[in-house]
Amino acid sequence: MNRKDFFIQGIRLTILSVIGLLSTFLIVENKVVSPDNCSVSTLCKNCGKYSQCDLPQANKEKKNE
Ligand code: SF4
């Protein structure tokens, strides 16, 4: 491995690390929405569909009542 390859590999690893850290941050902070979760709102009780909604988020809220 020559000097140029060493720097290129370092840049690649740095970019990969940044992507990994950013992904971890977004998952931990719940910024990534899974398909089972609602994208309408995070507050079901303020939603007009709440009484008829069968999404996991609404069901969890109904159980807590
Ligand atoms: S009631 Fe249903 S549609 Fe409304 S915010 Fe909750 S999960 Fe989304």
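Refer to the preceding data block for the structure.
Described in the following lines is the structure provided in the data block. (Residues numbered from 1 in each chain as written. Predicted model: local features only at pLDDT ≥ 70, side-chain atom pairs only at ≥ 80, totals over all residues.)

1. Some details on the overall build of the chain
Then comes step 1: The helix and strand tally for the chain stands at two helices and zero strands.
Then comes step 2: Taken over 65 residues, the chain has a buried fraction of 0%. (Helix = DSSP H or I, 4+ residues; strand = E, 2+ residues; numbered from the N terminus. Buried ≥ 20, exposed ≤ 12 C-beta atoms within 10 Å, placed from the backbone.)

2. Brief notes about the site of the ligand
Then comes step 1: Every residue near the ligand is listed here: Cys38, Val40, Ser41, Cys44, Cys47, Lys49, Tyr50, Cys53, Leu55, Gln57 and Ala58.
Then comes step 2: Looking at the shell around the ligand residue by residue, the class counts come to eight nonpolar, two polar and one charged. (Near = placed C-beta within 6 Å. Nonpolar A, V, L, I, M, F, W, Y, C, P; charged D, E, K, R; others polar.)

3. Some details on helix H1 (residues 3-28)
Then comes step 1: Its 26 residues give H1 an end-to-end C-alpha distance of 37 Å, which sits within 8% of 38 Å, the value for a rise of 1.5 Å per residue.
Then comes step 2: For H1, a buried count of zero out of 26 residues is recorded, marking the element as mostly open to its surroundings. (Expected span 1.5 Å × (residues − 1).)

4. Examining the environment of Cys53
Then comes step 1: With respect to the element layout, Cys53 can be found in the loop between H1 and helix H2 (56-63).
Then comes step 2: Beyond its immediate sequence surroundings of up to four residues, Cys53 is in contact with Cys44 and Ala58. (Contact = placed C-beta atoms within 7 Å.)

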